[in-house]
Amino acid sequence: MYSDKKSNLREKEFICDMCNKSFYNKTHLRKHILLHPKKVIYNSTVCNTHLKTHLKSHISVKPFKCDMCNKKFAYDSQFKAHTRTHTGEKPYECDICGQAFAQSYNLIVHTRIHTGERPFKCDTCGKGFSNSSSLTVHKRIHTGERPFKCDICDLSFSNRGALKLHTRTHTGAKPFNCDFCDRKFSSSSNLSMHTRIHTGKKPFKCDICDRTFSGKSHLKYHIRTHIEKKLFKCDICAQGFNQRSHLNVHTRTHTGKKPFECDICNKTFAHASTLKIHTRTHTGEKPFKCDICLSAFSHAPTLKKHTRTHRY
């Protein structure tokens, strides 16, 4: 009796979005919502997803709290997955290549790299993707949508990752460090590609001639060498090229143009890569190390030549 009087003095502040019935606490509201027929739940104004699994995010019941950052979660599974961001634990390992992941879903998506499975198809062009988020980003190519805007220069991007990478062009941040030569990079993909210079790893293979490459873009350019038609023609000698960049480099053999200048001695070069190698004569940088005797070299061909001396 006393309990009923006490309840009447309190306002029922927790309201069901489906039928407007009100409750004294979140627990009663949560139990009540689950009584609604599935048809009503899935078409509710609260959310178009399955509310039984998403419900707690709407009514703010988050009993699992992270001791490290105080972030709260509705489910134990979400809490455990989050904890791995602090511990670095990666319990899900690929049976094919051994790469490990913190979450089982990431392993599932990764496995599709090996199987070639792409279950998420674009309705506009038919292109397939290994995960739904990649499809969502891809669709913006057709719609022109660029919801992620830079606060500094107002450029906009189709995905959050591209915006984050772009922002580093303003801040100069290079958070990814090479373990071999202390060079730093603004993205993990650039670091991975650079690291292969040291390891010699070439995971991208041409299906036509079996030649391997350290980067996907290099493979893409190489495949064009198998295509007879060369779209980019030199205006001076009519020589054809598969890539515009190759045509630009070739044109300099006619013009003698050397647009890349050394900041230290003002010597000029026709290619950026040649300038990069030259700069090491000033800095003394030797990023290419022999795995056998630890001798270091300023560029890769010299290391390759040196490695042959260990064979005899």
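Residues numbered from 1 in each chain as written. Predicted model: local features only at pLDDT ≥ 70, side-chain atom pairs only at ≥ 80, totals over all residues. Heavy atoms only, no water.

### Focus on the packing of aromatic side chains
Per the counting criterion, the structure on display carries 2 aromatic pairs. Their ring planes at 20 degrees and their centres at 6.4 Å tell us that Phe64 and Phe79 sit as a pair that is stacked. Placement of Phe64 in strand β3 (residues 64-65) and of Phe79 in helix α5 (residues 76-87) is noted, with a sequence separation of 15 residues between them. Note on Phe64: relative accessible area 28%, which makes it partly exposed. Classification of Phe79 by relative accessible area gives partly exposed; the value is 22%. Centre to centre, the rings of Phe73 and Phe79 are 6.5 Å apart; their planes meet at 50 degrees, and the pair counts as tilted. Within the aromatic cluster, the residues linked to one another by ring pairs are Phe64, Phe73 and Phe79. (Phe/Tyr/Trp six-rings, centres within 6.5 Å; stacked < 30°, edge-to-face > 60°. Helix = DSSP H or I, 4+ residues; strand = E, 2+ residues; numbered from the N terminus. Buried < 20%, exposed > 50% of the residue type's maximum accessible area, 1.4 Å probe, protein only.)

### Some remarks on unusual backbone geometry
At Asp182, a residue that is not glycine, the phi angle is positive and equals roughly 65 degrees. Tracing the sequence through the fold places Asp182 in the loop between β11 (176-177) and β12 (184-185). Judged by relative accessible area, which is 65%, Asp182 ranks as exposed. Positive phi, close to 70 degrees, is recorded for Ala238, a residue that is not glycine. Residue placement: Ala238 occurs in the loop between β15 (232-233) and β16 (240-241).

### Examining the confidence of the model for the protein
Counting all residues, the mean pLDDT for the protein is 80, and 84% of those residues have values of 70 or more. Taken as a whole, residues 1-10 scores under 50 in pLDDT and shows 3 contacts with residues more than four places along the chain or in a different chain. Ignoring residues within four places in sequence, the model shows residues 38-49, a span with pLDDT below 50, making 21 contacts including any to other chains. (pLDDT = per-residue confidence, 0-100. Contact = heavy atoms within 4.5 Å.)

### Concerning the pattern of salt bridges
Applying the stated criterion across every chain, the model contains 5 salt bridges. A salt bridge links Glu117 to Arg112; the nearest nitrogen and oxygen atoms lie 3.7 Å apart. (Salt bridge = Lys/Arg side-chain N within 4 Å of Asp/Glu carboxyl O.)

### Overview of the side chain of His138
Residue position: His138 is located in helix α7 (residues 132-143). There is a polar contact of 3.2 Å between the side chain of His138 and the side chain of His142. If we ignore the near neighbours within four places in the chain, the residues touching His138 are Cys122, Cys125, Lys127 and Phe129. (Polar contact = N/O pair within 3.5 Å; in protein donor to acceptor, adjacent residues only side chain to side chain.)

### Remarks on a positive patch on the surface
On the surface, Arg118, Lys121, Lys127, Lys216 and Lys220 cluster together to form a positively charged patch. For Lys121, the location among the structural elements is in strand β7 (residues 120-121). (Patch = residues over 30% accessible without salt bridge, like charges linked within 9 Å, V, L, I, M, F, W, Y side chains within 5 Å. Areas by Shrake-Rupley, 256 points an atom, 1.4 Å probe, with all protein chains shown as cover. Lys, Arg positive; Asp, Glu negative; His and termini not counted. Charge placed at Lys NZ, Arg CZ, Asp CG, Glu CD.)

### Observations concerning the side chain of Arg196
Position of Arg196 among the secondary structure elements: in helix α9 (residues 188-199). Buried charge without a salt bridge: Arg196, with Asp179 as the nearest opposite-charge side chain at an N-O distance of 13 Å. In terms of polar contacts, Arg196 uses its side chain to reach the backbone carbonyl oxygen of Ser214, at 2.4 Å.

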